[in-house]
Amino acid sequence: GQQLNQSPQSMFIQEGEDVSMNCTSSSIFNTWLWYKQDPGEGPVLLIALYKAGELTSNGRLTAQFGITRKDSFLNISASIPSDVGIYFCAGPGGGNTGTASKLTFGTGTRLQVTL
Amino acid sequence: AAGVIQSPRHLIKEKRETATLKCYPIPRHDTVYWYQQGPGQDPQFLISFYEKMQSDKGSIPDRFSAQQFSDYHSELNMSSLELGDSALYFCASSLMGAGNTIYFGEGSWLTVV
């Protein structure tokens, strides 16, 4: 089946630093989604990417859909303590554009921010 | 904006009991998904419904069943509960054709003792 590998697995950074994490797949996706999950809470959608090469920002977050459609990265600029959490990339299964498909989640990147 | 609503938020059951989780999707969303997340794991897809019909099935045990009702809410029924069923259960919803963007509820914590 499809697998999404995220790196790094975890990061310890200082407040104010920029963060970069990426997600790679063994197969092509037509949509990439980035979620943040706090402990015991549901994943919250941060950014959705729909086209290869697309670069999208949401406040201090920037994400790009790789040209090969097999990877994506998420950058967080000027991190703050509330950025702590687990970041998941996700892609719809089957890669069928326009159909509602189950999500395959990446392995997650745990971010910890120190003051 | 309205989000995906799940109930109950927390549930404690004994082994071999039955539990039912409810999910109310975002208004106008026609697709509902159920995911299970164990401690330290990423969410695993269980089952989904589109327009009240099962649309996809993942790693859902035979002891579990689900359905989507005419008002689009969904229920996940879990019987003969086992200790290993203890997890966070998420419901998510989306609108067909809206770019595969899926929104999650806050989850229901099930603890089986």
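In this text the structure is predicted, and so the values were computed from the model without any measurement.

*Asks:* Mind showing me how you'd approach the overall build of chain A here?
*Replies:* What chain A contains, in helices and strands, is zero helices and 11 strands. Its C-alpha atoms give chain A a radius of gyration of 14 Å, within 12% of the compact-globule value 13 Å for 115 residues. Expressed as a percentage of the 115 residues in chain A, the buried residues total 46%. Considering only contacts within chain A whose residues lie at least 6 apart along the sequence, 55% involve residues at least 24 apart. Summing over all exposed atoms, chain A offers an accessible surface of approximately 5300 Å²; the carbon and sulfur share of this is 51%. Averaging the positions of the 7 positive and the 8 negative side-chain charges in chain A gives two centres separated by 13 Å.

*Asks:* Whenever I open this one, the pattern of salt bridges confuses me. Can you help?
*Replies:* Residue and element names in this part refer to chain B. For the structure shown, the criterion picks out seven salt bridges over all chains. The partner of Arg 63 in a salt bridge is Glu 82, and the shortest N-O contact between them spans 3.4 Å. Note that Arg 63 is positioned in the loop between strand 6 (53–57) and strand 7 (64–68) and Glu 82 in the loop between strand 8 (74–78) and strand 9 (87–94), a separation of 19 residues in sequence. Residue Glu 82 is classed as partly exposed on the basis of its relative accessible area, which comes to 42%. The network of salt bridges with common partners includes Arg 63, Glu 82 and Asp 85.

*Asks:* Teacher, can you tell me more about the nonpolar core here?
*Replies:* Taken as a class, soluble globular proteins show a tendency for nonpolar side chains to be buried jointly. Counting 22 residues, the largest nonpolar core has Trp 34, Leu 76, Met 78, Tyr 89 and Leu 110 of chain B as its most contacted members. Once residues lying within four places of it in the same chain are set aside, the contact partners of Tyr 89 of chain B are Gln 6, Leu 21, Tyr 35, Gln 36, Leu 46, Phe 64, Leu 76, Met 78, Gly 107, Ser 108 and Leu 110 of chain B. Counting residues in hydrophobic clusters, the runner-up holds 21 residues, among them Cys 23, Phe 29, Phe 65 and Leu 111 of chain A.

Thresholds, definitions, all that
- Residues numbered from 1 in each chain as written.
- Chains lettered and ligands numbered in written order.
- Predicted model: local features only at pLDDT ≥ 70, side-chain atom pairs only at ≥ 80, totals over all residues.
- Heavy atoms only, no water.
- Helix = DSSP H or I, 4+ residues; strand = E, 2+ residues; numbered from the N terminus.
- Rg over C-alpha atoms; globule rule 2.2 N^0.38 Å.
- Buried < 20%, exposed > 50% of the residue type's maximum accessible area, 1.4 Å probe, protein only.
- Contact = heavy atoms within 4.5 Å.
- Areas by Shrake-Rupley, 256 points an atom, 1.4 Å probe, with all protein chains shown as cover.
- Lys, Arg positive; Asp, Glu negative; His and termini not counted.
- Charge placed at Lys NZ, Arg CZ, Asp CG, Glu CD.
- Salt bridge = Lys/Arg side-chain N within 4 Å of Asp/Glu carboxyl O.
- Core = buried A, V, L, I, M, F, W, Y, C linked by side-chain atoms within 4.5 Å.

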